[in-house]
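Breakdown of the fold
Next come the chains, spelled out residue by residue.
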Amino acid sequence: MPINEKEYNGILFDQLTILDDLEEVAEREQATETLKLISKKRKQIERKLYQRPPLANE
């Protein structure tokens, strides 16, 4: 089922929220390797979220 750009962006924001929660726990536990991976995943998601041009030309 195809989704529109707004739904796709919503999914990406949900993923960022999950990373925020995981980062909070990893910082408390001083899990440096986990924090590095979270940072990497955040950059990948943000690259998709803030792409230019957008997915659909309106």
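Analysis parameters
Counting of residues starts from 1 at the beginning of each chain's written sequence and follows it residue by residue. For this predicted model, a pLDDT threshold of at least 70 governs which residues receive local features, and a threshold of 80 or more governs which side-chain atom pairs are given and counted, while totals over whole chains, interfaces and linings are taken from all residues. Side-chain numbers here rest on the full set of heavy atoms in the structure, without hydrogens or water. Comment: elements are numbered from the N terminus, with helices defined as DSSP H or I runs of at least four residues and strands as E runs of at least two. Using a 1.4 Å probe on the protein chains alone, a residue whose accessible area is under 20% of its type maximum counts as buried, one over 50% counts as exposed, and one in between counts as partly exposed. By definition in these notes, contact holds between two residues if any of their heavy atoms fall within 4.5 Å. Shrake-Rupley sampling with a 1.4 Å probe provides the accessible areas, and residues are treated as covered by the protein chains on show and by no other component. Any helix carries an expected span of 1.5 Å times its number of residues minus one.

Here the focus is the overall build of the chain. Tallying secondary structure elements over the chain gives two helices and zero strands in all. Looking at the chain as a whole, 16% of its 58 residues qualify as buried. The contacts of the chain with a sequence gap of at least 6 include a subset with a gap of at least 24, amounting to 57%. A total of about 5000 Å² of accessible surface is found on the chain, and carbon and sulfur atoms cover 53% of it.

Even without a glycine there, the phi angle at Gln 30 is positive, about 55°. Turning to its location among the elements, Gln 30 is positioned in the loop between α1 (5-28) and α2 (32-49). For Gln 30, a relative accessible area of 65% corresponds to the exposed category.

Counted at 1.5 Å a residue, the expected span for α1 with its 24 residues is 34 Å, and the 35 Å between its end C-alpha atoms agrees. Here α1 has its buried residues at Glu 5, Leu 12, Leu 16, Leu 19 and Ala 26. The inward-facing, buried residues of α1 contact α2.

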